[in-house]
Amino acid sequence: MIVVTGATGKVGHELVRLLSEAGEQVTGVSRQPAPLPEGVRHSPADLAEPAGLKAAFDGADALFLLVAGEDPQAILDMAKVGGIRRVVLLSSQGAGTRPQAYRHAAAFEDAVRGSGLDWTILRPGGFTSNAFAWAEQIRADRTAAAPFGDVGLPTIDPADIAEVAAVILREAGHAGRTYELTGPGLVTPRERAAMIGEALGAAVRFVEQTREEARAQMLQFMPEPIAEGTLAILGEPTAAEQRVSPDVQRILGRAPRTFADWAARNIAAFR
């Protein structure tokens, strides 16, 4: 059995579907119930309360783990008690490029590496789905606001992350590896807005925010160190943060999906 934490999230929900369709026995873990594929067991639990994960972990042999909660060691200890032997951690590119800003993710990585389990770490860059933050604005007046409009990053489609995770959870040969997951090329915020407009069939005007405007917006839903680290990546990315990784191609045997593909599949959110 494979346990998927964050089973109702952008990556987890798709991962549950892929594993279920592949014939795997799956337990989806989330704080709140949500529709899951037929045959998938839902276990209500919170990674912030590791003791409550016992029912989800009992009898499982693999775990897809999010960076959530404050005690990764307790989560992993509970996983071992339940019989789990393999863990795939969804971390962040920032844990490698800016560990001081992404201390939470880096701490989870350290705990996973020292767990004694077969481990694999996934380090995605920015998600293409972050563009959902523009949905209300685009629906209202066909504008999209973001800082650093002409700085490109190789954002990754969450569906590709889920597909990579499904392969790693089901196949041998990935233990002890850390994979960088990116899209196929650099895309700027201005270009992403234009691609949504193309999928809509209506122009979307890009409005460039100042750094401070973007920071104030981010602080409404993320801690200050993460907001600062994210702004640094968006505005002054390192060579490593702009590198297009070959890992998705190597694992899936195909190129990662483009932002234009993501926009076309999700355009209903912007109408």
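Before going into details, it helps to say that this report is about the structure given with it.

Rules of the game
- Residues numbered from 1 in each chain as written.
- Predicted model: local features only at pLDDT ≥ 70, side-chain atom pairs only at ≥ 80, totals over all residues.
- Heavy atoms only, no water.
- Phe/Tyr/Trp six-rings, centres within 6.5 Å; stacked < 30°, edge-to-face > 60°.
- Helix = DSSP H or I, 4+ residues; strand = E, 2+ residues; numbered from the N terminus.
- Buried < 20%, exposed > 50% of the residue type's maximum accessible area, 1.4 Å probe, protein only.
- Lys NZ or Arg CZ within 6 Å of the ring centre and 35° of its normal.
- Expected span 1.5 Å × (residues − 1).
- Contact = heavy atoms within 4.5 Å.
- Pairing = 2+ DSSP bridges.
- Right-handed = clockwise from strand over helix to strand, strands pointing away.
- Axes fitted to C-alpha atoms, helices over the stretch in contact; angles between N-to-C directions.
- Salt bridge = Lys/Arg side-chain N within 4 Å of Asp/Glu carboxyl O.

## Quick word on the packing of aromatic side chains
Applying the stated rule across the entire model yields 4 aromatic pairs. An angle of 65 degrees between the planes, with centres 4.9 Å apart, marks the rings of phenylalanine 132 and tryptophan 262 as edge-to-face. With phenylalanine 132 in the loop between strand 6 (118-124) and helix 6 (135-141) and tryptophan 262 in helix 13 (residues 259-265), this pair connects stretches of sequence that are 130 residues apart. Ring geometry for phenylalanine 259 and tryptophan 262: centres 5.5 Å apart, planes at 35 degrees, overall tilted. Pair noted here: phenylalanine 259 and tryptophan 262 are both in helix 13, with a separation of 3 residues, about one helical turn. Since its relative accessible area comes to 2%, tryptophan 262 is described here as buried. Counting every residue linked through ring pairs, the aromatic cluster contains Phe132, Phe259, Trp262 and Phe270. Lying across the ring of tryptophan 119, arginine 113 places its NZ or CZ 5.7 Å from the centre.

## A word on helix 10 (residues 224-235)
The end-to-end C-alpha separation of helix 10 is 16 Å, in line with the 16 Å expected for 12 residues at 1.5 Å each. Along helix 10, the positions that sit buried rather than exposed are Ala227, Gly229, Thr230, Leu231, Ala232 and Ile233. Contact partners of the buried residues in helix 10: strand 7 (143-147), helix 9 (211-218) and helix 11 (239-242).

## Describing the pairing of strand 5 (residues 86-90)
In terms of residue burial, strand 5 counts as a mostly covered element, since 4 of its 5 residues are buried. Relative to strand 5, strand 4 (residues 62-66) runs parallel, the two sharing 5 bridges. Its bridge partner being in strand 5, leucine 63 is matched across the sheet by valine 87. The parallel pair strand 4 and strand 5 is bridged by helix 3 (residues 72-82), and the resulting crossover is right-handed.

## Section: the sheet that holds strand 6
Read across the open sheet, the 7 strands follow the order 3-2-1-4-5-6-8; overall the sheet is parallel. Because the sheet does not close on itself, it has two edges, and the strands there are strand 3 (41-44) and strand 8 (177-181). On average, each strand axis in the sheet is inclined to that of its neighbour by 20 degrees, with strand direction left out of account. Both strand 2 (residues 26-30) and strand 3 contribute to a ladder of 4 bridges, which runs parallel.

## Topic: the pattern of salt bridges
If you walk through the whole model with that rule in mind, you get 22 salt bridges. Arginine 123 is the salt-bridge partner of glutamate 109, the closest N and O atoms lying 2.7 Å from each other. With glutamate 109 in helix 5 (residues 103-113) and arginine 123 in strand 6, this residue pair connects regions lying 14 residues apart in the sequence. Classification of glutamate 109 by relative accessible area gives buried; the value is 2%. Taking the relative accessible area as the measure of exposure, arginine 123 reaches 13% and is therefore buried. Two residues, glutamate 163 and arginine 254, come together in a salt bridge whose shortest N-O distance is 2.9 Å.

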